[in-house]
Amino acid sequence: MKDTFSVLNQMQADGIIGRYAIGGAVGATFYLEPVATLDVDVFVMLAQSGSSPLLTLGPVYEYLLAHGHKAEGEYVIIGDWPVQFLPPAGPLEEEAIAEAVAQSVDDVPVRVMTAEHLIAIALKTGRAKDFARILQFIESGVLVTSRLDAILARHGLLDKWEHFGKRFLRPEEP
Amino acid sequence: MSDWIKRLIESKRAHRAKLAALPFAEKLKLLGKLRQRTLAIHAARRAGPTNAT
């Protein structure tokens, strides 16, 4: 994984990507116990290509293939890990990238989403495994509730949060 | 809920908290091992049942 992070940093230094942030299960692992995952989700701000106003992942794949990495479907294998590059789907992901936290793995810097942004994105995505991760976060006690509330309000996710609470956070039976 | 189940749940919770408290680099190494195990399980599933006699 360290090699993967080194490549991301080099891509940023070479201007292929802008800011990035690790999300998904690997991002969550910074805060929680490790849970099996097969890939690394990297949310990236993309550099604009030439005069085109469209932002595409083309230059990312071209760069990585030129540097000897292999593409497999929507993934690129970097180090031992399949990596999926995800441009921000909207303001929530853009904010998550902008506010990601700088960490270090064996002296290799890496940017990881905040726990609260990981939850908001999981809530928005809404698969069973996303809900399971949210429950893990709640149980872990690492959340800053006021920060999470502000993010959910800012991105129109309060209704989903309420629904999630009704579905999964009923008081325990005595 | 029986006392035995309560103790079991508490023990699992404590183990998870211990894992969560590891340094990020250590946890990433564990992720790598978990991934290898998951891939091995997937491969075994694809291979179908074996006759272990």
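Please refer to the structure placed before this passage.
A short tour of the structure in this document, coming up. (Residues numbered from 1 in each chain as written. Chains lettered and ligands numbered in written order. Predicted model: local features only at pLDDT ≥ 70, side-chain atom pairs only at ≥ 80, totals over all residues. Heavy atoms only, no water.)

For chain A, the helix and strand inventory stands at eight helices and seven strands. Relative to a compact globule of 174 residues, whose C-alpha radius of gyration would be 16 Å, chain A shows 17 Å and is just as compact. Taking the principal axes of the C-alpha coordinates as reference, chain A spans close to 60 × 35 × 30 Å. Counting across all 174 residues of chain A, residues that qualify as buried make up 45%. Once local pairs closer than 6 in sequence are excluded, the contacts in chain A between residues at least 24 apart make up 65%. (Helix = DSSP H or I, 4+ residues; strand = E, 2+ residues; numbered from the N terminus. Rg over C-alpha atoms; globule rule 2.2 N^0.38 Å. Buried < 20%, exposed > 50% of the residue type's maximum accessible area, 1.4 Å probe, protein only. Contact = heavy atoms within 4.5 Å.)

All names here are of chain A. Here helix α1 (residues 2-13) spans 17 Å end to end across 12 residues, near enough to the 16 Å set by a 1.5 Å rise per residue. Looking only at α1, the buried set comprises Thr-4, Phe-5, Val-7, Leu-8 and Met-11. The arc that holds every buried residue of α1, seen down its axis, measures 160 degrees, which confines them to one face. Seen from the buried face of α1, the exposed residues on the opposite side, beyond 90 degrees, are Asp-3 and Ala-13. Residue Gly-15 follows α1 closely and has a positive phi angle near 80 degrees. (Expected span 1.5 Å × (residues − 1). Arc of directions from axis to C-beta.)

All names here are of chain A. Summed over the entire model, instances satisfying the criterion amount to 11 salt bridges over all chains. With its nearest N and O atoms 3.7 Å apart, the salt bridge here joins Lys-70 to Glu-72. Given the relative accessible area of 54%, Lys-70 is considered exposed. Look at Glu-72 and you get partly exposed, because its relative accessible area is 41%. (Salt bridge = Lys/Arg side-chain N within 4 Å of Asp/Glu carboxyl O.)

Let us look at the nonpolar core. Residue and element names in this part refer to chain A. In this structure, Phe-5, Met-11, Ile-22, Val-42, Val-60, Leu-64 and Phe-85 are the most contacted members of the largest nonpolar core, which totals 57 residues. The element best represented in this core is helix α5 (residues 115-125), accounting for seven residues. Those residues within four positions of Ile-22 in sequence are excluded, and the remaining contacts are Phe-5, Leu-8, Gly-27, Val-40, Asp-41, Val-42, Val-110, Arg-111, Val-112 and Met-113. (Core = buried A, V, L, I, M, F, W, Y, C linked by side-chain atoms within 4.5 Å.)

At the junction of the two partners, chain B supplies 16 residues and chain A supplies 22 residues. Carbon and sulfur atoms supply 68% of the area buried between chain B and chain A, which totals about 1700 Å² over both sides. Among the residues of chain B in contact with chain A, B:Phe24, B:Leu31 and B:Arg35 are the three that bury the most area, contributing 39% of the side total. Our enumeration of links across chain B and chain A arrives at three salt bridges. B:Arg13 is the salt-bridge partner of A:Glu139, the closest N and O atoms lying 3.5 Å from each other. When residues of the side of chain B that touches chain A are traced back to their parent elements, those giving at least two are α1 (3-20) and α2 (24-47) of chain B. Among the elements that take part in the side of chain B that touches chain A, α2(B) stands out by supplying 12 residues, more than any other. In terms of residue class, the side of chain B that touches chain A is made up of nine nonpolar, three polar and four charged. (Buried area = accessible area lost by both parts, 1.4 Å probe. Nonpolar A, V, L, I, M, F, W, Y, C, P; charged D, E, K, R; others polar.)

For the rest of this paragraph, the subject is the layout of surface pockets. Residue and element names in this part refer to chain A. Of the volumes computed, that of the largest pocket is approximately 590 Å³. Around the largest pocket, the lining is made up of 29 residues, and of these Gly-24, Asp-41, Arg-127, Lys-129 and Arg-133 lie nearest the centre. The class makeup of the residues in the lining of the largest pocket is 14 nonpolar, six polar and nine charged. (1 Å grid on protein atoms, 1.4 Å probe; cavity = no way out; pocket = protein on both sides within 12 Å on 5 of 7 lines; lining within 4 Å. Points joined across faces, edges and corners; volume = space filled by probe spheres on them.)

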